[in-house]
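What the coordinates show
Spelled out from the first residue to the last, the chains are:
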Amino acid sequence: MAPICGVQFLVLLYAMALVFQAALASDPSPVQDFCIAEKNSPVFINGLACKDPTLATAADFFFAGLDVPGNTMNRVGSNVTLVNAAVLPGLNTLGVSIARIDYAPYGLNPPHTHPRATELLTVLEGTLYVGFVTSNPENRLFVKTLRRGDVYVFPAGLVHFQFNVGNVDAVAIAALSSQNPGVVTVANAVFGTRPPVAEDVLTKAFGVDKGVIDELRAQFNQVGS
Ligand SMILES: *[C@@H]1O[C@H](CO)[C@@H](O)[C@H](O)[C@H]1NC(C)=O
């Protein structure tokens, strides 16, 4: 191979700069007007493959149903209806998504993180006690009680929660800075994994004995080793 010339070197530098830029951003910026997700594409890329743009219709940019409450009859008493690029194909490559969150009286959206998104929460009905925790070593907790019309931001990647502190249903809308924010619920990621995390790992991590770990695992119908 011939030694690289000045121009090739500059191109290489530029390509490297692009790579680093992409690593700093959240979802990458689109390089066309839109890229409607092609659900049945056999191609795996960062995001979803585009359907032929000449075949785009208004329906590709549309989702109906956020007026419908999710069913909160579950252990925690909350339900998230997420509208991401998987259900609204026109969102693909655009770096945003939206969710409706319903809370039964005293319902909880348990501590969780979105690995790829900042979240902007707007309360439509009810009273929510919300909070988030900063990263190690400070682990500072920021909490606030929100009422109808209040907005709160949960910075990308940080553990956060919302708790309905009223004896009536609550509803919120969350705007998220990714077409596919992802969710890691803290308790599920530790006590509800398939297969289970080894018991020695959990007893040591939490400084408790086996019985406590078994009780926590049982919340997720998990019988550990
Ligand atoms: C959320 O609500 C939907 C619609 O009622 C329901 O299908 C789903 O099972 C609910 N999810 C949970 C976790 O309760």
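- The name given to the protein chain in an unreviewed UniProt entry is Germin-like protein, with Colocasia esculenta as the source organism.
- Quoted verbatim from the Subcellular location (unreviewed entry) heading of the UniProt record, the comment on the protein chain is "Secreted, Extracellular space, Apoplast".

A closer look at a nonpolar patch on the surface
- Where nonpolar side chains cluster on the molecular surface, the patch consists of Tyr106, Tyr129, Leu141, Val143, Phe163 and Val165 and spans about 500 Å² of accessible area.
- On the secondary structure map, Tyr106 appears in the loop between strand 2 (97-103) and strand 3 (108-113).
- On the basis of relative accessible area, Tyr106 is assigned to the partly exposed category, the value being 47%.

Overview of the site of the ligand
- In the vicinity of the ligand, the contacting residues are Gly70, Asn71, Asn74 and Asn79.
- In the environment of the ligand, an oxygen atom lies 2.8 Å from a nitrogen or oxygen atom belonging to the side chain of Asn74.
- At 2.3 Å, a side-chain N or O of Asn79 approaches an oxygen atom of the ligand.
- Of the residues in the shell around the ligand, the class split is no nonpolar, four polar and no charged.

Digging into the sheet that holds strand 5 (residues 128-133)
- Read from one edge of the open sheet, five strands run 6-5-8-3-10, paired in antiparallel fashion. Unpaired on one side and paired on the other, strand 6 (141-146) and strand 10 (184-185) mark the two borders of the sheet.
- Pairing analysis gives three bridges linking strand 3 to strand 8 (residues 159-164), with the strands arranged antiparallel. Bridge assignment links Leu108 to a residue of strand 8, and that residue is Phe163.

Cut-offs and rules
- Residues numbered from 1 in each chain as written.
- Predicted model: local features only at pLDDT ≥ 70, side-chain atom pairs only at ≥ 80, totals over all residues.
- Heavy atoms only, no water.
- UniProt positions renumbered as here; feature names shortened; annotations may be inferred.
- Patch = residues over 30% accessible without salt bridge, like charges linked within 9 Å, V, L, I, M, F, W, Y side chains within 5 Å.
- Areas by Shrake-Rupley, 256 points an atom, 1.4 Å probe, with all protein chains shown as cover.
- Salt bridge = Lys/Arg side-chain N within 4 Å of Asp/Glu carboxyl O.
- Helix = DSSP H or I, 4+ residues; strand = E, 2+ residues; numbered from the N terminus.
- Buried < 20%, exposed > 50% of the residue type's maximum accessible area, 1.4 Å probe, protein only.
- Near = heavy atom within 4 Å.
- Polar contact = N/O pair within 3.5 Å; in protein donor to acceptor, adjacent residues only side chain to side chain.
- Nonpolar A, V, L, I, M, F, W, Y, C, P; charged D, E, K, R; others polar.
- Pairing = 2+ DSSP bridges.

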